[in-house]
Amino acid sequence: MKIPKLKNQLHSPIQRIRLPDSIQLQINGCIPLVITGDVVAAGSLIAKSATVGNIERSIHSPFNGRVTSVSHSTVDIEGDWPNAQTSAAHYEATGIEADKIRESCRMAGIVGMGGAMTPTHLKLIPHRPIDTVLVNICESEPFLTCDHRVLEEYPHEIECGLKLAMTAVGAENGLVAPKINNYTSGYERFLVEETLGRKVPVNRRPTDVGVLVLNLQTVRALYHAVFEQRPLTERVITVDGDAIKRPGNYLVPIGTKVGHILECCGWDENISKQIIIGGPMMGDSADKNTPITAGTGGVLALTSEQTAKVKDNPCIRCGLCMDACPLGLWPGQMDRNPSADLLACITCGACQFVCPAQRPIVKNIQKAKNAYLQKSDSL
Amino acid sequence: MKPGPFIHSGFTTQRLMFITTLAMIPMVAASIWENGFDAMILYVVSILSVFCMEFICQRRVIFEYSALITAVLLVLMLPANAPWWISVVGAILAVGIGKYFFGGFGQNIFNPAVLSRVLLMALFPAIFIMPEWTVDGVSGATLLSKEIGASMPSLSSLLLSSSPGSLAQAMPITVLLGGVILLVYKLIDWRVPLFYLATISLLSILLPGSEKILGHVPYLLGNPLLHIIAGGSLLTSFFLLTDPVSSPFSSNGRVVYAIIAGVFTMIIRYYTPYPDGAAFGVLLANAMVPTIDKYMLKLEASVF
Ligand code: SF4
Ligand code: SF4
């Protein structure tokens with residue numbers, strides 16, 4: 001049983017969303033550099049991670065505006081979008097030597113935009129020899145088409161960004177991975193195996209076989225950072241679902257609240273059953289106040305017909321979950337017989353999608369995993 | 001913690017059971033057409049008794065397609081001239097022992113209907129008695145045990161006409177039709193009927209039959225077609241063996257399981273006085289499922 005694609009917005013050109021009056025930046029783990037009442041300019045540094053040196057994350061304002069509140073995890077800014085995108089004042093245009101690329105990347109606060117949000121400059125340090133940089137364009141989550149549109153509309157920027165990444169890690173080959181028609185092939189380990197024929201062992205990363213995998217919009221952000229001196233303050237997301245009247249692919253400032261996006265896209269509150277940020281398989285449920293982060297690929301508003309109902313009926317041992325699992329695990333039974341298999345699970349949700357008994361398999365696995373980790377810790 | 005997927009395939013237990021119920025309609029219709037009012041009574045009594053048993057075990061009124069399926073399968077495995085009360089006893093055994101004794105739906109090791117049928121056979125052998133061991137009667141026997149002269153029936157007559165035996169044998173082509181529906185909707189794993197029927201055909205040729213037991217029906221030896229169509233093999237391969245709850249988890253495991261059921265069926269048919277080993281075959285294969293699952297998982301893990 002295949003996970004459906006539902007790529008309804010494949011041909012909708014990227015539009016800039018009507019700009020919100022205020023945004024909320026998530027700064028978890030970073031130290032705010034502003035206080036309430038501060039006036040900030042677009043592109044100025046708002047927060048920075050505590051660790052010095054290489055491991056640094058920075059967050060910038062997309063606005064010319066005023067800081068309205070600061071907490072340990074969020075900064076709220078109210079203001080006007082600049083007429084022209086002003087370049088950040090706090091760092092200089094850099095050349096394209098490896099060090100300089102990493103430096104630009106660090107200064108621009110680029111993080112993995114596929115969801116993991118690891119600072120990208122760390123990934124650009126070749127701890128092991130890397131010969132190939134792979135841009136992941138699988139976008140395996142149903143509904144999401146933002147990466148596809150970015151590649152379609154800005155191929156040049158992707159190509160330049162890829163070259164920068166190759167220079168930074170000293171790789172000879174760069175590849176924009178071909179699309180593979182399978183939900184789970186977007187998983188890095190399989191992607192590397194399918195496109196390059198290199199098997200990545202369990203619990204290893206693609207870098208262990210000389211491959212660096214980057215998200216498409218991350219690569220574009222790298223281009224912006226180096227060639228346009230622009231920090232990461234916006235991204236393209238897909239807005240879709242049957243409770244949305246004007247679905248499409250939208251350029252939104254990072255920190256925009258879901259409520260604003262829904263309002264702009266014609267949200268029908270009466271038929272909306274579930275709001276999701278990210279994809280429908282691995283995303284999170286959201287409400288109107290949830291802000292978009294650098295790793296958010298979409299905002300979906302699904303009707304009750306589109307939304308899965310979790311029922312927890314008895315397992316009928318049909319084996320569909322096992323056939324669906326990309327790792328060949330035994331999802332329906334794993335929580336009852338805890339083993340190291342639990343740790344291999346990537347919570348992709350394929351098992352729960354196919355389960356006829358509509359069991360909350362992913363939740364069960366995560367619970368069992370936590371219990372298993374605690375038990376092995378205490379040993 | 002990840003909340004898990006927000007979308008679902010739409011293929012639910014309810015839907016699976018509903019389509020299975022629809023797939024059984026042709027068989028049921030054929031058996032009523034062939035056997036008339038008696039068959040109808042058996043179905044009605046069986047369905048009522050199963051739901052009464054469900055009510056007693058769960059203490060609330062429920063309607064589940066799985067219970068309906070058990071009730072109908074139970075009757076399909078009974079001889080046409082069975083007395084009505086056998087349905088009541090069968091329902092009590094299927095629901096009480098087959099299902100709730102093991103912890104309810106999803107926990108049952110054995111297919112409840114098959115377990116019930118085998119227990120009935122042990123408790124009331126007279127109802128299932130074979131004609132060779134009675135003086136005059138041929139009723140209650142399957143084609144596999146009935147002497148129908150020296151000539152072998154043709155394929156079309158095999159598929160279209162009833163052979164005395166259980167109600168499912170009223171018109172074998174309706175069983176096949178039901179099986180095709182299940183396969184088209186991908187409700188059952190095609191490997192199970194394929195490997196089960198293949199094992200039966202192969203063994204019917206390869207196994208040296210015991211002349212002592214099969215002497216009276218010599219054409220049964222080495223006649224795969226008869227073994228597949230007559231007797232309960234078709235019903236078993238599409239409807240009994242494929243019950244997900246009592247079959248192995250992995251697709252490789254299901255291949256092994258189907259072969260085991262086929263081997264048992266043929267051994268019973270060739271070397272015991274029971275002419276139809278299908279029900280025993282299913283039960284024995286069910287019993288091996290935990291072992292198959294364990295072994296297959298290990299095997300697959302080592303390949304992975
Ligand atoms: S969520 Fe885990 S167990 Fe389920 S299919 Fe994905 S990897 Fe397998
Ligand atoms: S898919 Fe669901 S019902 Fe089927 S075996 Fe897995 S957990 Fe059980």
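To start, this report covers the structure provided alongside it. (Residues numbered from 1 in each chain as written. Chains lettered and ligands numbered in written order. Predicted model: local features only at pLDDT ≥ 70, side-chain atom pairs only at ≥ 80, totals over all residues. Heavy atoms only, no water.)

1. Here we look at the overall build of chain B
Turning to step 1, where the next piece is worked out: Summing up its helical and strand segments, chain B has 13 helices and 0 strands in all.
Turning to step 2, where the next piece is worked out: When the helices and strands of chain B are read in sequence order from the N terminus, they spell out α-α-α-α-α-α-α-α-α-α-α-α-α.
Turning to step 3, where the next piece is worked out: Among the 304 residues that make up chain B, the fraction classed as buried is 56%.
Turning to step 4, where the next piece is worked out: For chain B, contacts bridging at least 24 residues in sequence account for 73% of all contacts bridging at least 6.
Turning to step 5, where the next piece is worked out: Within the structure as shown, chain B displays about 12,900 Å² of accessible surface, and the carbon and sulfur contribution to it stands at 71%. (Helix = DSSP H or I, 4+ residues; strand = E, 2+ residues; numbered from the N terminus. Buried < 20%, exposed > 50% of the residue type's maximum accessible area, 1.4 Å probe, protein only. Contact = heavy atoms within 4.5 Å. Areas by Shrake-Rupley, 256 points an atom, 1.4 Å probe, with all protein chains shown as cover.)

2. Quick look at the pattern of salt bridges
Side-chain pairs of opposite charge can arise whenever the charged atoms involved come near each other.
Residue and element names in this part refer to chain A.
Turning to step 1, where the next piece is worked out: Considering all chains together, one arrives at 21 salt bridges over all chains under this definition.
Turning to step 2, where the next piece is worked out: Between Glu228 and Arg230 there is a salt bridge; the shortest N-O distance is 2.7 Å.
Turning to step 3, where the next piece is worked out: It is possible to trace a salt-bridge network through shared partners that takes in Arg16, Glu228, Arg230 and Glu234. (Salt bridge = Lys/Arg side-chain N within 4 Å of Asp/Glu carboxyl O.)

3. With respect to the interface of chain B and chain A
Turning to step 1, where the next piece is worked out: Listed per partner, the contact involves 28 residues of chain B and 41 residues of chain A.
Turning to step 2, where the next piece is worked out: Across the interface of chain B and chain A, roughly 3,200 Å² is buried in total on both sides, 65% from carbon and sulfur atoms.
Turning to step 3, where the next piece is worked out: Counting the surface chain B buries against chain A, the share from its top three residues, Phe6, Ile7 and Phe249 of chain B, is 28%.
Turning to step 4, where the next piece is worked out: Our count for the chain B to chain A interface comes out at 1 salt bridge.
Turning to step 5, where the next piece is worked out: Between Arg317 of chain A and Asp293 of chain B there is a salt bridge, with its nearest N and O atoms 2.8 Å apart.
Turning to step 6, where the next piece is worked out: For the side of chain B that touches chain A, the secondary structure elements donating two or more residues are helix 1 (13-35), helix 12 (251-271) and helix 13 (278-303) of chain B.
Turning to step 7, where the next piece is worked out: It is helix 13 of chain B that provides the largest number of residues to the side of chain B that touches chain A, a total of 4 residues.
Turning to step 8, where the next piece is worked out: For the side of chain B that touches chain A, the residue count by class is 15 nonpolar, 9 polar and 4 charged. (Buried area = accessible area lost by both parts, 1.4 Å probe. Nonpolar A, V, L, I, M, F, W, Y, C, P; charged D, E, K, R; others polar.)

4. Focus on unusual backbone geometry
All names here are of chain A.
Turning to step 1, where the next piece is worked out: Even without a glycine there, the phi angle at Glu139 is positive, about 45°.
Turning to step 2, where the next piece is worked out: Mapped onto the elements, Glu139 comes out in the loop between strand 9 (132-136) and helix 3 (146-153).
Turning to step 3, where the next piece is worked out: Phi at Phe143 takes a positive value of approximately 75°, unusual for a residue other than glycine.
Turning to step 4, where the next piece is worked out: Mapping Phe143 onto the fold places it in the loop between strand 9 and helix 3.
Turning to step 5, where the next piece is worked out: For Phe143, a relative accessible area of 2% corresponds to the buried category.

5. Section: the nonpolar core
Turning to step 1, where the next piece is worked out: Ranked by size, the top nonpolar core spans 87 residues in total, and within it Tyr43, Leu73, Leu76, Val114, Tyr196, Leu235 and Phe239 of chain B carry the most contacts.
Turning to step 2, where the next piece is worked out: Of the domains in this structure, domain 3 (235-306) and domain 4 (320-378) of chain A are the two that each give at least three residues to this core.
Turning to step 3, where the next piece is worked out: Here Val114 of chain B is in contact with Met77, Leu240, Ala279, Val282 and Leu283 of chain B, once residues within four sequence places are set aside.
Turning to step 4, where the next piece is worked out: Listed in part, the 48 residues of the second largest apolar core include Val135, Cys146, Ile158 and Leu214 of chain A. (Core = buried A, V, L, I, M, F, W, Y, C linked by side-chain atoms within 4.5 Å. Domains from an automatic or database assignment.)

6. Regarding the state of the cysteines
Turning to step 1, where the next piece is worked out: Scanning the entire structure with this criterion turns up 0 disulfides over all chains.
Turning to step 2, where the next piece is worked out: Note on Cys264 of chain A: no disulfide assigned, nearest cysteine sulfur contributed by Cys265 of chain A at a separation of 6.1 Å. (Disulfide = S-S within 2.5 Å.)

7. A closer look at the site of ligand 1
Turning to step 1, where the next piece is worked out: Near ligand 1, the surroundings consist of Cys325, Pro326, Leu327, Pro331, Cys345, Ile346, Thr347, Cys348, Gly349, Cys351 and Ile365 of chain A.
Turning to step 2, where the next piece is worked out: Counted by class, the shell around ligand 1 contains 9 nonpolar, 2 polar and no charged residues. (Near = heavy atom within 4 Å.)

8. Brief notes about the site of ligand 2
Turning to step 1, where the next piece is worked out: Ligand 2 sits among 13 residues. The nearest are Cys315, Cys318, Gly319, Cys321 and Cys355 of chain A.
Turning to step 2, where the next piece is worked out: Broken down by class, the residue content of the shell around ligand 2 amounts to 9 nonpolar, 2 polar and 2 charged.

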